[in-house]
Amino acid sequence: MSIAALIALTAGCANDNAAAPAPEATGPTTGPGRADVQAPGVDLTVTHAVAHLDAAGDGTLTMAVRNEDGVPEHLGMVATPDGGRGALVGAKAVEGNGSLATAGILLQTGTTVTFGGNGPRVLLTHVKGVTNHHTLPVSLQFGVAGLVRLQARVTPD
């Protein structure tokens, strides 16, 4: 095989295997604690997002996530400013809606999952970046919806 053929073959394989970046789904935010994301194949609403933080920046993120799309969704990652990450904890149930799997927290279609209490939880540690308006920029990474950004309200823990 000639060098030119090998280079052409390699270039063709590289292009076939290169995954196009997922579109960033940042729907219109209607105020602190809420994000609505509607796109082809995505219908997700996040409401009542509140970061309950103590003086050290430790606490939890509570919220309700409604999945109206026709496929199950997973919340795989929660990010905060300065490289902070929330730890995902599954609901008390071993399986089903709100449980923790390899892909993240399961959100069945046509349901609302409430984070906090007996539901799944997001634990925050040493969070920085609370704004003067008592909000915290949060990025939620979903398997289908992609990246969703919102401003969680901040209350003392």
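Above this text you will find the structure in question.
Nothing here was measured: the structure is a model prediction, and the numbers come from that model. Residue positions are given per chain, counting from 1 as you read along its sequence in written order. Owing to the predicted nature of the model, reporting of local features is limited to residues with pLDDT of at least 70; listing and counting of side-chain atom pairs is limited to 80 or more, with chain, interface and lining totals taken over all residues. Water and hydrogen atoms were dropped before computing side-chain values, which therefore reflect all heavy atoms in the structure.

**A few points about the overall build of the protein chain**
To keep it simple, the criterion reads: Each helix corresponds to a stretch of at least 4 residues labelled H or I by DSSP, and each strand to a stretch of at least 2 residues labelled E; elements are numbered beginning at the N terminus. Three exposure classes are used, based on accessible area relative to the maximum for each residue type with a 1.4 Å probe and protein chains only: buried under 20%, partly exposed in between, and exposed over 50%. Only heavy atoms enter the contact rule, under which two residues are in contact if any of them lie within 4.5 Å. Each accessible area value is a Shrake-Rupley result obtained with a 1.4 Å probe; residue values ignore everything except the protein chains displayed when judging cover.
Across its full length, the protein chain carries one helix and 11 strands. Across the 157 residues in the protein chain, those meeting the buried criterion constitute 38%. Considering only contacts within the protein chain whose residues lie at least 6 apart along the sequence, 58% involve residues at least 24 apart. A total of about 8,500 Å² of accessible surface is found on the protein chain, and carbon and sulfur atoms cover 58% of it.

**Remarks on the nonpolar core**
Our working rule: What is meant by a nonpolar core is a set of buried Ala, Val, Leu, Ile, Met, Phe, Trp, Tyr and Cys residues, joined one to another through side-chain atoms within 4.5 Å.
Ranked by size, the top nonpolar core spans 30 residues in total, and within it Leu61, Met63, Leu75, Phe115, Leu140 and Phe142 carry the most contacts. Ignoring sequence-local partners within four residues, the contact set of leucine 61 consists of Val50, Ala51, Val78, Phe115, Val122, Leu124, Val138, Leu140 and Ala152.

**Focus: the pairing of strand E9 (residues 121-124)**
Spelled out, the test is: At least two bridges found by DSSP between two strands are what make those strands a pair.
Every second residue of E9 is oriented toward a common face, the buried set being Val122 and Leu124 and the non-buried set Arg121 and Leu123. Alignment of strand E3 (residues 59-67) against E9, held across three bridges, turns out to be antiparallel. Bridge assignment links threonine 60 to a residue of E9, and that residue is leucine 123. As judged from the three bridges shared by strand E5 (residues 84-89) and E9, these two strands associate in the antiparallel manner. Across the sheet, leucine 88 pairs through a bridge with valine 122, a residue of E9.

**Looking at the environment of arginine 121**
Relative to the elements of secondary structure, arginine 121 occurs in strand E9. With 30 residues separating them in the primary sequence, arginine 121 and alanine 91 have C-alpha atoms 7.2 Å apart.

**Things to note about the pattern of salt bridges**
Test applied: Here, a salt bridge means any Lys or Arg side-chain nitrogen found within 4 Å of an Asp or Glu carboxyl oxygen.
The tally for this structure, following the rule as stated, stands at two salt bridges. Two residues, aspartate 36 and arginine 34, come together in a salt bridge whose shortest N-O distance is 3.0 Å. The residue glutamate 68 makes a salt bridge to arginine 66 at a minimum N-O spacing of 2.4 Å.

**A closer look at the pairing of strand E1 (residues 35-39)**
Sheet topology places E1 next to strand E2 (residues 42-53); five bridges connect them, and they run antiparallel. Counted as the bridge partner of valine 37 is leucine 44 from E2. The loop that links E1 with its antiparallel partner E2 comprises two residues; one of these, glycine 41, has a positive phi angle of about 80 degrees.

**Remarks on the side chain of threonine 45**
To keep things clear, this is the line we draw: Each polar contact in these results corresponds to two N or O atoms within 3.5 Å; when the atoms are within protein, one needs to be able to donate a hydrogen and the other to accept it, and residues that are neighboring in sequence are counted only if both atoms are side-chain atoms.
Note that threonine 45 resides in strand E2. Engagement of the side chain of threonine 45 in a polar contact is seen with the side chain of aspartate 36, the distance being 3.4 Å. If sequence neighbours within four positions are ignored, threonine 45 has contacts with Arg34, Ala35, Asp36, Gln38, Ala64, Val65 and Arg66.

**Quick look at the side chain of threonine 47**
With respect to the helices, strands and loops of the structure, threonine 47 is situated in strand E2. Excluding its chain neighbours within four sequence positions, the residues that come into contact with threonine 47 are Gly33, Arg34, Met63 and Ala64.

**As for the environment of methionine 63**
Positionally, methionine 63 belongs in strand E3. Taking C-alpha positions, methionine 63 is 7.3 Å from glycine 116, a pair spaced 53 residues apart along the chain. Apart from the residues lying within four places of it in its own chain, the contact partners of methionine 63 are Val46, Thr47, His48, Ala49, Leu75, Val113, Thr114, Phe115, Val122 and Leu140.

**Remarks on unusual backbone geometry**
Non-glycine residue histidine 48 carries a positive phi angle of around 55 degrees. Tracing the chain through its elements places histidine 48 in strand E2. Overall, histidine 48 belongs to the exposed group, its relative accessible area being 56%. With a phi angle near 60 degrees, histidine 134 is a residue other than glycine that sits in the positive phi range. Along the chain, the position of histidine 134 falls in the loop between E9 and strand E10 (135-142).

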